[in-house]
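If you want the building blocks of each chain, they are given just below.
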Protein chains: 2
Amino acid sequence: MRSYGQYCGVARALDAVGDRWNLLIVRELLLRGPCRYTDLQHGLPGIATNLLAERLRDLEAVGVVSRQAAPPPVATTLFELTESGRELEPVLRALGRWGSRFMGESPEGDAFRVHWLAFPVAEYWVDNDPEAGPLSIAVHTGEEAAVIEASGGQLDVRLGPAQSPDLVLSGDPQTILGLLVGRLSPAEARRRGLRSHGDIGLLRRFRPEHRPPASVRLAP
Amino acid sequence: MRSYGQYCGVARALDAVGDRWNLLIVRELLLRGPCRYTDLQHGLPGIATNLLAERLRDLEAVGVVSRQAAPPPVATTLFELTESGRELEPVLRALGRWGSRFMGESPEGDAFRVHWLAFPVAEYWVDNDPEAGPLSIAVHTGEEAAVIEASGGQLDVRLGPAQSPDLVLSGDPQTILGLLVGRLSPAEARRRGLRSHGDIGLLRRFRPEHRPPASVRLAP
DNA sequence: CGGCATCCTCTTTGATACTG
DNA sequence: CAGTATCAAAGAGGATGCCG
């Protein structure tokens, strides 16, 4: 991307990561941790392979991504975020939160990957009963599966099947998401095709939190 | 911008405002409030006029900007953020904060506008003595002037000259910024050409704050 | 397979000139 | 003041090929 040529933090940030696909690459690495090239391709449906290669070079050049030669069991290149790259998390969270207003519109034709649910969970969930025992919730949608694990007040989202989940949810992405962020009640979600095994009341433990408003007025 | 075609909040947000220049247009409207077309051009050095017109149409279409026919004293079109557009503030703040790491690099050749300082002030300042009387600090850099006003714990940044400032700062953008965010001490700033009138110690009232870390791990 | 590079077409950008 | 019109250059997207 050409530089905006403006001595402003927002402009400089966009100079570095404002190019098309860049922030989505960062999303993948934030959500999944170190990834192979093909993992990235899978998590970025629609990207042209030459663009992915070029963007990874660009992100490396600005110090957001680094590449590692993985040791023998993997024996491939792993791409991971640098410290600076991980510090983009607030940007991605703010974008995801703002973008959630468009998630009600039907996902017809849109690709979906389960691990994308980790952002809504991170943004909208809080463990209201951190003293209670660990809990695991399996989520199945499309061909993929993920697990949300709560333990000691900490929430984690992993890809893959659960060992012995306390609750299993399956349904289409829109319904699962609606349920997870509280836009749909369990009853509404079931009406839209949600299937569940286990006590769906467990979800109440993770009600959305609210945050304080900003304190500085920008344009009085 | 073509849609990413991904059912993900971040992707949907970028579908809406990820196009080149869009977030900088939002920055201008956040910092300056309702603007005329030519105000926007001035605050967006480097934008082509056809692009500005097109982007304003796009942003209107996604509900981020609205246009108003201003009443007789102004008698022109005013562009302003909708509620949804104002809710992009956390995105811009996160971007500006992340981008501040690139602000140490020399601004040679980069354009600068004083009102861009409002973001760093909003991000890095806090009024540690809100009970104290109101205070106004004038900032002069390049051809422009702005005022930072503190009153009752509230901070405001305005364009234009100050009435009777308690402190006047002038210098190049990099030095002023370094001083405002605490990267430079007053002595260092003076060595880099800062000129001041009034008690520069007043700045201590507005020391940077720190924020708590995030509580949800994304990629365990 | 994993990690690209090349080639090609189509779209978007940026610069400039011009207009109601 | 608030744009539209035009055009060259850069970038995106898709297909395919190459090399360990």
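Rules used in this analysis
Within any chain, residue numbers begin from 1 and follow the written order of that chain's sequence. All chains are assigned letters beginning at A, and all ligands numbers beginning at 1, according to the order in which they are written. Whole-chain, interface and lining totals are the exception, using all residues; otherwise, since this is a predicted model, local features are given only for residues with pLDDT of at least 70 and side-chain atom pairs are given and counted only at 80 or more. Side-chain numbers come from the whole structure's heavy atoms, not from hydrogens or water. If even one non-hydrogen atom of a residue comes within 4 Å of a molecule or strand, that residue is called near it. We call two N or O atoms a polar contact when they sit within 3.5 Å, provided that within protein one can donate a hydrogen and the other can accept it, with sequence-adjacent residues counted only if both atoms are side-chain atoms. Side-chain classes follow a simple rule in which Ala, Val, Leu, Ile, Met, Phe, Trp, Tyr, Cys and Pro form the nonpolar group, Asp, Glu, Lys and Arg form the charged group, and the remainder, Gly included, forms the polar group. The rule is simple: take the accessible area with a 1.4 Å probe, protein chains only, and divide by the maximum for that residue type; under 20% is buried, over 50% is exposed, in between is partly exposed. Only DSSP runs of H or I with at least four residues qualify as helices, and only runs of E with at least two residues qualify as strands; both kinds are numbered from the N terminus onward. The contact criterion used throughout is that any non-hydrogen atoms of two residues lie within 4.5 Å. Cysteine sulfur atoms that come within 2.5 Å of each other are treated as a disulfide pair. Structural elements are reduced to axes, namely lines fitted to C-alpha atoms, with helices fitted over the stretch in contact, and the angle between N-to-C directions of any two is expressed from 0 to 180 degrees. In what follows, roughly perpendicular refers to angles from 65 to 115 degrees, roughly parallel to angles under 35, roughly antiparallel to angles over 145, and oblique to any angle outside these ranges. Handedness of a helix crossing follows the sense of rotation of the near helix relative to the far helix, less than a right angle counterclockwise being left-handed and clockwise being right-handed. Each pair of strands is called paired provided DSSP finds at least two bridges between the two strands. Helix span is expected to be 1.5 Å times the residue number reduced by one. In this description, the arc belongs to the directions extending from the helix axis to the C-beta atoms. Our superposition of the copies is a least-squares fit, built on the C-alpha atoms of residues whose pLDDT is at least 70 in both.

Here we take up the protein's contact with DNA strand D. Near DNA strand D, the surroundings consist of 20 residues, among which Arg20, Trp21 and Arg55 of chain A together with Thr76 and Phe79 of chain B are the closest. Among atoms of DNA strand D positioned within 4 Å of the protein, sugar and phosphate together represent 74%. Measuring from a phosphate oxygen of DNA strand D, one finds a side-chain N or O atom of Arg57 of chain B at 3.2 Å. Here Thr77 of chain B contributes a backbone N or O atom positioned 3.1 Å from a phosphate oxygen of DNA strand D. By residue class, the composition of the surface near DNA strand D is 6 nonpolar, 8 polar and 6 charged.

Turning to helix H6 (residues 89-99) of chain A, a few remarks are in order. Burial runs high along H6 of chain A: 9 of the 11 residues are buried. Within H6 of chain A the residues assigned to the buried category are Glu89, Val91, Leu92, Arg93, Ala94, Leu95, Gly96, Trp98 and Gly99 of chain A. If you follow the buried residues of H6 of chain A, they end up packed against helix H2 (22-32), helix H5 (83-86) and helix H7 (118-124) of chain A together with helix H1 (9-17), helix H5 (83-86) and helix H6 (89-99) of chain B.

Another point: the state of the cysteines. For the coordinates displayed, the defined rule picks out 0 disulfides over all chains. A disulfide-free cysteine, Cys8 of chain A has its sulfur positioned 14 Å from the sulfur of Cys35 of chain B, the nearest such atom. Classification of Cys8 of chain A as buried rests on a relative accessible area of 4%. On the basis of relative accessibility, which here comes to 2%, the residue Cys35 of chain B falls in the buried class.

This part takes up the packing of H6 of chain A against H6 of chain B. Between H6 of chain A and H6 of chain B, the least distance of the axes is 8 Å, while the angle of their chain directions is 165 degrees. Taken together, the axes of H6 of chain A and H6 of chain B are roughly antiparallel relative to one another. The crossing of H6 of chain A and H6 of chain B is left-handed. Along the contact surface, H6 of chain A presents Pro90, Val91, Ala94, Leu95 and Trp98 of chain A, while H6 of chain B presents Pro90, Val91, Ala94, Leu95 and Trp98 of chain B. Here the residues of the contact of H6 of chain A with H6 of chain B sort into 10 nonpolar, no polar and no charged.

Here the focus is the sheet that holds strand E4 (residues 144-151) of chain B. Residues and elements named next belong to chain B. Taken in spatial order, the 5 strands of this open sheet run E5-E4-E3-E6-E7, and their pairing is mixed. Only two strands of the sheet have a single neighbouring strand rather than two, namely strand E5 (154-159) and strand E7 (195-198). Recorded for the sheet is a direction-independent mean angle of 15 degrees between the axes of neighbouring strands. Alignment of E4 against E5, held across 6 bridges, turns out to be antiparallel. Of the residues in E5, the one forming a bridge with Ala146 is Leu159. Sheet contacts for helix H8 (residues 173-181): strand E3 (135-141), E4 and strand E6 (167-170); angle to E6, the most-contacted strand, approximately 135 degrees.

Once that is clear, we can look at the protein's contact with DNA strand C. Around DNA strand C there are 20 residues in total, and Thr49 and Thr76 of chain A together with Arg20, Trp21 and Arg55 of chain B lie nearest to it. When atoms of DNA strand C within 4 Å of the protein are sorted by moiety, sugar and phosphate together comprise 70%. Contacts to DNA strand C include Thr38 of chain A, whose backbone N or O atom sits 3.2 Å from a phosphate oxygen. Looking at the surface near DNA strand C, the elements with two or more residues in it are helix H3 (37-43), helix H4 (49-61) and strand E2 (77-81) of chain A together with helix H4 (49-61) of chain B.

The phi dihedral of Trp21 of chain A is positive, around 80 degrees, even though this residue is not glycine. Counting through the fold element by element, Trp21 of chain A comes out in the loop between helix H1 (9-17) and H2.

Once that is clear, we can look at H4 of chain A. Residues and elements named next belong to chain A. End to end, H4 covers 19 Å across 13 residues, agreeing with the expected 18 Å (1.5 Å per residue, within 8%). Those residues of H4 that fall on the buried side of the exposure criterion are Leu52, Arg55, Leu56 and Leu59. All buried residues of H4 fall inside an arc of 105 degrees around its axis, so they share one side. Away from its buried face, by an angle of more than 90 degrees, H4 presents the exposed residues Asn50 and Ala61.

Relative to chain B, chain A is turned by 180 degrees and slid 0.0 Å along the rotation axis, the superposed coordinates differing by an RMSD of 0.0 Å. Given the turn and translation reported, the copies of this chain are related as if by a two-fold rotation axis. Nearest to the rotation axis, the C-alpha of Val91 of chain A is located 2.9 Å from it, this being the minimum over chain A. Of the residues that chain A buries at the interface, 100% are likewise interface residues in chain B, meaning the two copies contact each other through the same surface.

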